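# Structure at a glance
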2 protein chains.
Amino acid sequence: MADKKLSTDPYKGVRDFYPEDMAIQRYIFDTWSHTAESFGYERYDASVLEPAELYRSKTSEEIVNEQTYTFTDRGDREVTLRPEMTPTVARMVAGKRRELSFPVRWYSIPNLFRYERMQRGRLREHWQLNCDLFGVDDYTADVEMIALAYQTFINFGADPEMFAIRVNNRGFMEALFKEFDVTDVDTVAVLTRLIDRKDKMPADDFREALDDMIAPSRVEEFLKTIEGRDESILDTIGTDTTLKQVLSGLRELGIENAFFSPSLARGFDYYTGTIFEFFDVSEENNRSLLGGGRYDNLTGLFGGDPISGVGFGMGDVTMRDFLETHDLLIAPITSPTLMILPTDESFNFEAQRLAQQFRAEGISVSVDATTKKIGKKVASADKALVSAVIVLGEDELKSGTYTMKNLPEGTEEAGTVEELLGKIIT
Amino acid sequence: MADKKLSTDPYKGVRDFYPEDMAIQRYIFDTWSHTAESFGYERYDASVLEPAELYRSKTSEEIVNEQTYTFTDRGDREVTLRPEMTPTVARMVAGKRRELSFPVRWYSIPNLFRYERMQRGRLREHWQLNCDLFGVDDYTADVEMIALAYQTFINFGADPEMFAIRVNNRGFMEALFKEFDVTDVDTVAVLTRLIDRKDKMPADDFREALDDMIAPSRVEEFLKTIEGRDESILDTIGTDTTLKQVLSGLRELGIENAFFSPSLARGFDYYTGTIFEFFDVSEENNRSLLGGGRYDNLTGLFGGDPISGVGFGMGDVTMRDFLETHDLLIAPITSPTLMILPTDESFNFEAQRLAQQFRAEGISVSVDATTKKIGKKVASADKALVSAVIVLGEDELKSGTYTMKNLPEGTEEAGTVEELLGKIIT
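### So, the sheet that holds strand S3 (residues 49–51) of chain B
All names here are of chain B. The 3 strands are arranged S3-S5-S4 in an open sheet whose pairing can be described as antiparallel. One side of each edge strand has no neighbouring strand; the edge strands of this open sheet are S3 and strand S4 (69–72). On average, each strand axis in the sheet is tilted by 35° relative to the strand beside it, whichever way the strands run.

As structure tokens, then:
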């Protein structure tokens, strides 16, 4: 054994999930699963290890090399710890395109890794709910995807007033840019990325950057348009009706907190139609909660006919922050319902036997087989939020009658195992 | 976009989980969780990334370098994709030893990685149920751990005749070796490792290797002893009664398929007391299913007083093979209960609205908003094992009365949403 003591810290930028944090994590994952399944989405998964080339074609070399965990294995294969799930789901859908029955509705809760420069609150790994619908071009698929993301929040007990939904469309953006004489493909891309960074830069810098792309006399008008929510422009700019239909579809489904947001860009290159973003409206946590949109040929890299898709991703850290900010976090109790406390080590085995009788009836039971004094055992059980304890000594073993103490209530019940079974509140 | 088409294969040695495989995976994980929780075990987790030094002190440099995924990050930290969970759980218990209330009963279902030389059926990643009990020295903890592993199989519907439990004890092995004049620490280690490999080597080679350690005149007797199951030797060899107590404790709990196995060694260095292994008794799948045991100072590397523990680990691939071999695999249906099939794209939105009404009552519903003909939509739903479909056309929209077709039964029911709700079998 080494003389130097090892550190008990986890690797830099990752988290340990002790039972209390794990219980919250599972509550989040379970609510996500339950919601996705209520919309008929099926769960899939893949390994965190992916061939690095999966990211090289859509992402710049610089991002793959500097912002992902990429290494060379001993078979000289370049392997990446997946930074996002979209390339993986595209790979899987493309791989079974002939066998799958479209529309495909899939969700996953993958573990994702990014090699972030260390900053406060920036983690190198997180988990994300990813929902995707493949094979439906109709705007109702976009509505469904936003409605599913909305329902997730409702199922956590959120009030629609706690968050808002920004909706925009890449096609509409291009039509809008055209109104301001920006039509060159490269300038469209630069302008889109600039708008995407708008909220993260000083207003003056943003305005100055606009000057390079839009006629100075019209910058003010452009700014006013993208900062507004005026839906009437949807009737005059461009010919595609999708954005209008999505917005009115959401309202007809009773989703009142969605609005037109011409300044929403979403940084990802692969979006081609509807884009959306949920954000927290509270002052303490005013930030993006999830983002998604439509991409019309994500599987193109793998060949074959285009398969259209719409999807979104939302992270566990962001979700937990939202729930904490709005006081919605329920911490589930992870301790057993019943604990058997033998008064002496010689009764430990009989305690196991008694535990087994309760367990056979579906009750979660454990035994405190330590050498602690009985008072300490009761105190430990109480601290661990166990509902009930049975102290097991010679008298109980002889009589087959046990006294069950309800710890939160401070009450007691006596009886045989059969009699006590009916009195346990799980 | 790249001209060369990307492969849709996953990285070498890892698995994609399409919905049908994911459903089996979740069934396995859920049964594991449910069983561990019925014994009062709390779930924890940690990142798959661990500092490499966590493995260097207990494992040879060669194993860390050649059998794990270890790489250097840009902050010059050596990081490993965890190959097993035990060092992580030891790190976490040691890290909060002052705050934790012992006994600590924890379980986890981690994703683990090994850099295996590629062979048929050898994967580079798997998932494992890990259960550990810390802070109880008594033999009843060993009995509990074996009973928990046993119950896992029972909860999958296994019959105890399908598998058997080998039990041994490291202390007993040392006492046995002493009887054959093997007392030198190094020779004890070599002999233990040799016995561990016994079933994987030709009988003659094993015997020959024994000749170097045991007096030739007694090799036959030694072989007969370790290959037997004669419990009477427990009364004459050594003074520790743990092994006898564990075996009789298991029988008293009704576990009839456990037996004394003096040739069980378990390769891990950290075991110090009871060791056990479950194996499949079928001819087609005759192999180890899980292994575990007692380790008395796993947290020693991190400093502080010793904390005793007992635990086991079992893999998902092995579990699935066992279930398939014994015809115990239930493939859960992952498709929605109800599917709404609009006859025309113009009814897609109304189909979403109708779906929402059923969803509000807890039913899993989706909409086939493709442009397929209605006959094809019904066929797709049937193929996907959807229970019921509602065809939505102009008549239904006008009347508010829908016909729900039960696909497996071939029956139909007509009515309003309210009327149909009572007739859905989920």
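The rest of the description comes next.
### Some points on the domain arrangement of chain A
Looking at chain A, the domain boundaries give domain 1 (19–46 + 82–325) and domain 2 (338–421). Centre-to-centre separation of domain 1 of chain A and domain 2 of chain A, based on C-alpha positions: 52 Å.

### Here's the deal with unusual backbone geometry
Residues and elements named next belong to chain A. Cis geometry marks the peptide bond from Phe102 to Pro103; its omega dihedral reads 5°. Mapping Pro103 onto the fold places it in the loop between helix H4 (86–95) and strand S6 (104–108). One non-glycine residue, Asp76, lies in the positive phi region at around 65°. Relative to the helices and strands, Asp76 resides in the loop between strand S4 (69–72) and strand S5 (78–81). Among the residues examined, Asp76 registers 6 C-beta atoms within 10 Å and is labelled exposed. A positive phi is found at Asp327, a non-glycine position, where the angle reads about 60°. Inspection of the secondary structure assignment puts Asp327 in the loop between helix H12 (316–325) and strand S14 (338–342). What makes Asp327 exposed here is the crowd of 7 C-beta atoms within 10 Å.

### Overview of the interface of chain A and chain B
Facing the 83 residues of chain A at the interface are 83 residues of chain B. Residue composition of the side of chain A that touches chain B, grouped by class: 36 nonpolar, 22 polar and 25 charged. Bridging between strand S1 (residues 16–17) of chain A and strand S2 (residues 45–46) of chain B involves 2 bridges; their strand directions are antiparallel. Along S2(B), the bridge assignment pairs Asp16(A) with Ala46(B).

### Here we look at the relation of the copies chain A and chain B
Least-squares fitting of chain A to chain B yields an RMSD of 0.0 Å, with the transformation described by 0.0 Å of translation along the axis and a rotation of 180°. Accordingly, the operation relating the two chain copies is best matched by a two-fold axis. Relative to the rotation axis, the C-alpha of Phe71(A) is the closest in chain A, positioned 3.6 Å from it. Both copies contact each other with a shared surface, as 100% of the interface residues of chain A are interface residues in chain B too.

### Overview of the pairing of strand S18 (residues 411–415) of chain A
Residues and elements named next belong to chain A. Buried residues are scarce in S18, accounting for 0 of its 5 residues. Direction of pairing for strand S17 (residues 402–406) relative to S18: antiparallel, over a ladder of 5 bridges. When the sheet's bridge partners are listed, Asn406 is paired in S18 with Thr411. Hairpin connection from S17 to S18: 4 residues lie between these consecutive antiparallel strands, with Gly410 at a positive phi of about 75°.

### Some details on the sheet that holds S18(A)
In a beta sheet, neighbouring strands are held together by backbone hydrogen bonds and run either parallel or antiparallel to one another. Residue and element names in this part refer to chain A. Read from one edge to the other, the open sheet built from 5 strands follows the order S15-S14-S16-S17-S18, with strand pairing classed as mixed. If you trace the sheet from one side to the other, it starts and ends with strand S15 (365–367) and S18, each paired once. Averaged over all neighbouring strand pairs, the angle between strand axes comes to 25°, with direction disregarded.

Parameters and conventions
- Residues numbered from 1 in each chain as written.
- Chains lettered and ligands numbered in written order.
- Predicted model: local features only at pLDDT ≥ 70, side-chain atom pairs only at ≥ 80, totals over all residues.
- Pairing = 2+ DSSP bridges.
- Helix = DSSP H or I, 4+ residues; strand = E, 2+ residues; numbered from the N terminus.
- Axes fitted to C-alpha atoms, helices over the stretch in contact; angles between N-to-C directions.
- Domains from an automatic or database assignment.
- Buried ≥ 20, exposed ≤ 12 C-beta atoms within 10 Å, placed from the backbone.
- Contact = placed C-beta atoms within 7 Å.
- Nonpolar A, V, L, I, M, F, W, Y, C, P; charged D, E, K, R; others polar.
- Least-squares fit on C-alpha atoms with pLDDT ≥ 70 in both.

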